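Descriptive structure summary
Each chain, letter by letter, is given below.
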Amino acid sequence: MKPKSETEEAKKFLTDSGIEIKRVYPKVDKAEEQPGEYPFTRGVQPDMYRGKLWTMRQYAGFSTAEESNKRYHYLLKNGTTGLSVAFDLPTQIGYDSDHAFSEGEVGKSGVAIDSLRDMEILFDGIKLEEVTTSMTINSTASTLLAMYVALAKKQGADISKISGTIQNDLLKEYAARGTYIYPPKPSMRIITDIFEYCSKEVPKWNTISISGYHIREAGSTAVQELAFTLANGKAYLKAAIEKGLDIDVFARRLSFFFNAHNNFFEEVAKFRAARRMWAKITKDLGAKDPRSMMLRFHTQTGGSTLTAQQPQNNIIRVTLQAMSAVMGGTQSLHTNGFDEALALPTEEAARIALRTQQVIAYESGVPESVDPLAGSYMVEALTDEVEAKAWEYINKIDAMGGSVAAIEAGFMQDEIAASSYAYQSAIQKGEKIIVGVNKFTVQEEPMGNLLTIDDSIRNTQIEKINAVKNSRNNADVTANLAAIDAAARSTENLMPHILKAVESYATLGEIADVLRKVYGEYR
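Residues numbered from 1 in each chain as written. Predicted model: local features only at pLDDT ≥ 70, side-chain atom pairs only at ≥ 80, totals over all residues. Heavy atoms only, no water.

Here's the deal with the pairing of strand β6 (residues 208–211)
The side-chain alternation of β6 yields two buried faces, one formed by Ile208 and Ile210 and the other by Ser209 and Ser211. With four bridges connecting them, β6 and strand β7 (residues 254–260) associate as parallel partners. Within the sheet, the bridge partner assigned to isoleucine 208 lies in β7 and is leucine 254. (Buried < 20%, exposed > 50% of the residue type's maximum accessible area, 1.4 Å probe, protein only. Helix = DSSP H or I, 4+ residues; strand = E, 2+ residues; numbered from the N terminus. Pairing = 2+ DSSP bridges.)

See below:
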């Protein structure tokens, strides 16, 4: 046998989190762990997809409520089993479309929602009792949820039966994404008010989707995504317990939102480790019901992995990422359109993204076995290594006083920034290959037929706002906004007052401004 050179001996293969990939792995015996049983490493259900496939939840929202409604009907017609709403930036940060700060952003990154009237149009012809809806909204989550509940009531639905998710995860906004309004402490108060209200009034609603997705998009590693997400989850648990809520009641309504990137086996290991770690966290905080210890999660394929160069290559990336999420045991999945590095997805791109999930579901055979990679020496070892490294981070955060303190100290932000810099440096140096970007490049024509949003959308929204204000009972609106102000200055739950304001057609911006006056803005 030819001896290895010094260069070959020295070369190491690493995951994106810096975990060394061994040439071969020793035997690992995990026979004692079973799917559907604590600590849920192998899945939260004994039969997983043999009993029910994951929800194919395509993320969509752009322009006006009318245009987004057309896309929702298109997706439902093509086999989507759950809706996922993207909101524009003004809606996310509590400004109506007629606010000066909204200029140039209305309808661009998602749908513009200014009042209950927009929500009525958004779901026109869609029975809210018959679909599950996920809303990617954080700072204004209480208002958008109130609008959804108000619409369900108008449809004659039993609100105790409507189901879906609001993201409602402010801690990751401070750490990675930036669409916050109020300081951390009042934001945590609003979040726990939502927990309390939903546990009584909307018991099937997932009151928070604790998000690692945006942490990863900001440049974190897989280990950091896992650690920071679970540390934030732990902070929410503690805040709810301090409010007097029963962990075995509210923890069942918590869900998670993870990213899926290209390092296939590390991603599978991350999902498996997440379940095991969350089961331990909840148990240590007093959970006794196994259902309270289950980590249920939605996955979206990695937006930051999409390339504007050779965009058709993104179809392969998305397929690989979707497969890792399925093999990792996700409960719902969004697959990105191949053109999303350039613009909002066209109908063709959205259809291919959905068909990717359907081919995996119905043609690959992967869903027919529970946790098909269980027992793989490599996957089991990686699951342990990812978990161990994530615990190291969580222990550091706990020593600082928890996620809020770690964010206020800039710890998470600094760690993410360092990882992002290292990743980009590796690409620029050619140490990490991105196909079509720094290797295997070609001269190509600019891609045509992209979806563009016209700035005139703002004028349309302003006309709607004016029509709503001219037709509503403004005395009722004033009284309801005053009630929100009073509740915000006390310990009274905000949600019933926000719901009344929404039902009187108070706008999202008017409600946010009341809370801005009481809580101030985070700088």
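A few points about the nonpolar core
Counting 75 residues, the largest nonpolar core has Leu226, Phe228, Leu230 and Met412 as the members making the most contacts within it. The greatest single-element share of this core, amounting to eleven residues, is contributed by helix α9 (residues 222–242). Excluding anything up to four places from it in sequence, phenylalanine 228 contacts Ile215, Tyr393, Ile397, Phe411, Met412, Glu415 and Ile416. Residues Met119, Tyr148, Ile181 and Met495 belong to the second largest nonpolar core, which totals 61 residues. (Core = buried A, V, L, I, M, F, W, Y, C linked by side-chain atoms within 4.5 Å. Contact = heavy atoms within 4.5 Å.)

A short note on the pairing of strand β3 (residues 132–136)
Where burial is concerned, most of β3 is hidden: four out of the five residues are buried. Here strand β2 (residues 82–86) runs beside β3; their pairing, made up of four bridges, is parallel. Within the sheet, the bridge partner assigned to serine 84 lies in β3 and is serine 134. Here four bridges tie β3 to strand β4 (residues 163–166), and the two strands are oriented parallel to one another. Its bridge partner lying in β4, methionine 135 is registered against isoleucine 166.

Details of helix α18 (residues 474–488)
For an α-helix the count is 3.6 residues per turn, leaving residues at separations of three or four pointing the same way. With 15 residues, α18 ought to run about 21 Å at 1.5 Å a step, and its terminal C-alpha atoms sit 21 Å apart, in line with that. Buried-residue contacts for α18 involve α7 (184–201), α19 (495–503) and α20 (508–519). Capping the start of α18 is the job of one residue whose side-chain oxygen sits 3.1 Å from the backbone nitrogen of alanine 475: asparagine 473. (Expected span 1.5 Å × (residues − 1). Polar contact = N/O pair within 3.5 Å; in protein donor to acceptor, adjacent residues only side chain to side chain.)

Structural notes on the packing of helix α2 (residues 65–77) against helix α13 (residues 347–363)
Between two packed helices, the angle of one axis relative to the other and the distance separating the axes together describe the packing. At a minimum axis distance of 11 Å, the contact between α2 and α13 shows a crossing angle of 35°. Helix-helix and strand crossings are classified by hand; for α2 and α13 the assignment is right-handed. The segment α2 lies against α13, with Arg71, Tyr74 and Leu75 engaging Glu347, Ala350, Arg351 and Leu354. Residues belonging to the contact of α2 with α13 are distributed by class as follows: four nonpolar, no polar and three charged. (Axes fitted to C-alpha atoms, helices over the stretch in contact; angles between N-to-C directions. Left-handed = near helix turned anticlockwise from the far one by under 90°. Nonpolar A, V, L, I, M, F, W, Y, C, P; charged D, E, K, R; others polar.)

Some remarks on the sheet that holds strand β8 (residues 297–301)
The strand order across the open sheet formed by nine strands is β5-β4-β3-β2-β1-β9-β8-β7-β6, and the pairing between neighbours is parallel. Here the strands that pair on one side only, and so sit at the sheet edges, are β5 (205–206) and β6. Across the sheet, helix α5 (residues 141–154) lies against β3, β4 and β5, angled at about 155° from β3, the strand it touches most. Running over the sheet, α9 touches β6 and β7 and is turned about 165° from β7.

Here we look at a nonpolar patch on the surface
A cluster of nonpolar residues, Ile433, Val435 and Phe440, forms a patch on the protein surface that exposes about 270 Å² of accessible area. Secondary-structure assignment places phenylalanine 440 in the loop between α16 (411–428) and α17 (457–471). Look at phenylalanine 440 and you get exposed, because its relative accessible area is 53%. (Patch = residues over 30% accessible without salt bridge, like charges linked within 9 Å, V, L, I, M, F, W, Y side chains within 5 Å. Areas by Shrake-Rupley, 256 points an atom, 1.4 Å probe, with all protein chains shown as cover. Salt bridge = Lys/Arg side-chain N within 4 Å of Asp/Glu carboxyl O.)

Focus: the packing of aromatic side chains
Scanning the entire structure with this criterion turns up 21 aromatic pairs. For the ring pair phenylalanine 228 and phenylalanine 411, a centre distance of 6.3 Å and an interplane angle of 70° mean the geometry is edge-to-face. Here the residue phenylalanine 228 occupies a position in helix α9, and phenylalanine 411 occupies one in helix α16, the gap between them amounting to 183 residues. Classification of phenylalanine 228 as buried rests on a relative accessible area of 0%. Look at phenylalanine 258 and phenylalanine 297: their rings are 5.7 Å apart centre to centre, the planes differ by 70°, and that puts the pair in the edge-to-face class. (Phe/Tyr/Trp six-rings, centres within 6.5 Å; stacked < 30°, edge-to-face > 60°.)

With respect to the environment of glycine 436
Along the chain, the position of glycine 436 falls in the loop between α16 and α17. Remark: the alpha-carbon pair of glycine 436 and serine 160, spanning 276 residues in sequence, is separated by 50 Å.

As for α19
Along α19, the positions that sit buried rather than exposed are Met495, His497, Ile498, Leu499, Ala501 and Val502. Of the residues trailing α19, tyrosine 505 is marked for its positive phi of about 70°.

Quick notes on unusual backbone geometry
The omega angle of the peptide bond from tyrosine 38 to proline 39 is 5°, so this bond is cis rather than trans. Relative to the elements of secondary structure, proline 39 occurs in the loop between α1 (6–10) and β1 (55–60). A positive phi angle, near 45°, is found at glutamine 310, a position not held by glycine. Of note, glutamine 310 is situated in the loop between β8 and α12 (313–327). On the accessibility criterion, glutamine 310 (15% relative accessible area) is buried. Located in the positive-phi region is aspartate 371, a residue other than glycine, with phi close to 50°. When its relative accessible area of 7% is taken as the criterion, aspartate 371 is described as buried.

Description of the pattern of salt bridges
Under the counting rule described, the total for this entry stands at 33 salt bridges. The partner of aspartate 193 in a salt bridge is lysine 243, and the shortest N-O contact between them spans 2.8 Å. Taken together, the residues aspartate 193 in helix α7 and lysine 243 in the loop between α9 and α10 (247–250) connect sequence positions 50 residues apart. Take lysine 243: its relative accessible area is 28%, and that puts it in the partly exposed class. A salt bridge links arginine 516 to glutamate 521, with the shortest nitrogen-to-oxygen separation between them at 3.6 Å. Residue arginine 516 is classed as buried on the basis of its relative accessible area, which comes to 10%.

Side note on the environment of threonine 165
Summarising the element assignment, threonine 165 is placed in strand β4. A C-alpha to C-alpha distance of 24 Å links threonine 165 and alanine 488, two positions 323 residues apart in sequence. Setting aside its immediate chain neighbours within four residues, threonine 165 contacts Thr133, Ser134, Met135, Trp205, Asn206, Ile208, Ser209 and Ser255.

Scope: geometric values only; no functional claims are made or implied.
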